[in-house]
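Chain residues, written in single-letter form:
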Amino acid sequence: MSFRLTLILPRERARLAAALTRYYSEIAPDLRIDPSERAGQMLHRKDVTAFWIRQDEDRIGFAIVLNLPEDRRELSEFYICDTKRRLGYGHAAASLIFAEFPGYWRMGISAGSPNAVAFWGTCLSAIKGVEQLRDGAPFTEHQIKSYSFHIAGAQND
């Protein structure tokens, strides 16, 4: 069984929009966001890297990384299809993403997804190279908290 990340290409906007529809309905059902418009924005920004999370040829989730100034990053969106949860894919995907981009990270945790707090607390404490893990205030009114941390291995840290 093959597990990997692949870049989401601009021509896959409709597929990403469909995935974002499921994601937003779960984490913030009252949020008024057009998933197609949001997908287009994400796929055309120079400071965003978007990944499909794949098991063999199946797309089982996605991750959106916002590249911030001074070689810092934010895990802006992260989603694993509900039928693929609790199988280790989320942890594996996060490990791959952080290994690809060592350095300083932050992420906000959705208030609409109670499992996200437990998942990220456990996941981040188990990922190789995570240092300086801190809880923080949410970035938006739709979040319950945030995490900031450093992934060892970055050059020029």
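Refer to the preceding data block for the structure.
It should be emphasised that the depicted structure is a prediction, and the values quoted were computed from it without experimental measurement.

### Considerations on the overall build of the protein
Looking only at helices and strands, the protein has 4 helices and 7 strands in total. Counting helices and strands in the order they occur from the N terminus, the protein gives β-α-α-β-β-β-α-β-α-β-β. For 157 residues, the compact-globule estimate of 2.2 N^0.38 gives 15 Å, and the protein sits close to it at 15 Å. Dimensions of the protein, computed from C-alpha atoms along their principal axes, come out at roughly 40 × 35 × 35 Å. Burial status across the protein gives 43% buried among its 157 residues.

### Some remarks on the pattern of salt bridges
Scanning the model with the defined rule gives 9 salt bridges in all. In this structure, the salt-bridge partner of Glu77 is Arg38, at a minimum N-O distance of 3.5 Å. Of this pair, Glu77 sits in strand 4 (residues 72–80) while Arg38 sits in helix 2 (residues 35–44); the two residues are 39 residues apart in sequence, bridging distant segments of the chain. One salt bridge in this structure joins Arg45 and Asp47, with 2.7 Å as the shortest N-O distance. Through salt bridges with shared partners, one network takes in Arg4, Arg54 and Glu57.

### Considering the sheet that holds strand 7 (residues 143–151)
With respect to topology, 7 strands assemble into an open sheet ordered 1-2-3-4-5-7-6, the strand pairing being mixed. Each end of this open sheet is capped by a strand with a single partner; those strands are strand 1 (3–7) and strand 6 (130–136). With strand direction ignored, the average angle separating the axes of adjacent strands in the sheet is 25°. Looking at chain direction, strand 5 (residues 103–110) and strand 7 are connected through 8 bridges and run antiparallel. Bridged to Trp105 within strand 7 is Phe149. Across the sheet, helix 1 (residues 13–27) is in contact with strand 2 (48–55), strand 3 (58–68), strand 4 and strand 5; its angle to strand 4 comes to roughly 85°. Along the sheet face, helix 3 (residues 89–100) touches strand 1, strand 2, strand 3, strand 4, strand 5 and strand 7 and points at about 55° away from the line of strand 1.

### Examining the packing of aromatic side chains
All told, the structure shown has 13 aromatic pairs when counted by the stated rule. Ring plane angle 75° and centroid distance 5.8 Å describe the contact between Tyr23 and Tyr79, whose orientation is recorded as edge-to-face. Taken as a pair, Tyr23 in helix 1 and Tyr79 in strand 4 lie far apart in primary sequence, 56 residues in all. Here Tyr23 and Tyr79 have matching classes, each one buried. Between Phe51 and Phe101 the ring centres are 6.2 Å apart and the planes differ by 55°, which places this aromatic pair in the tilted class. Residue Phe51 is found in strand 2, and its partner Phe101 is found in the loop between helix 3 and strand 5; the two are separated by 50 residues along the sequence. Judged by relative accessible area, which is 8%, Phe51 ranks as buried. Feature note: the residues Phe51, Phe98, Phe101, Trp105 and Phe149 constitute an aromatic cluster, connected by ring pairs. Its guanidinium or amino end placed over the ring of Trp52, Arg59 lies 5.3 Å from that ring's centre, counting from NZ or CZ. The cationic tip of Arg72 hangs over the ring face of Tyr104; the distance from NZ or CZ to the ring centre is 4.6 Å.

Conventions adopted
- Residues numbered from 1 in each chain as written.
- Predicted model: local features only at pLDDT ≥ 70, side-chain atom pairs only at ≥ 80, totals over all residues.
- Heavy atoms only, no water.
- Helix = DSSP H or I, 4+ residues; strand = E, 2+ residues; numbered from the N terminus.
- Rg over C-alpha atoms; globule rule 2.2 N^0.38 Å.
- Buried < 20%, exposed > 50% of the residue type's maximum accessible area, 1.4 Å probe, protein only.
- Salt bridge = Lys/Arg side-chain N within 4 Å of Asp/Glu carboxyl O.
- Pairing = 2+ DSSP bridges.
- Axes fitted to C-alpha atoms, helices over the stretch in contact; angles between N-to-C directions.
- Contact = heavy atoms within 4.5 Å.
- Phe/Tyr/Trp six-rings, centres within 6.5 Å; stacked < 30°, edge-to-face > 60°.
- Lys NZ or Arg CZ within 6 Å of the ring centre and 35° of its normal.

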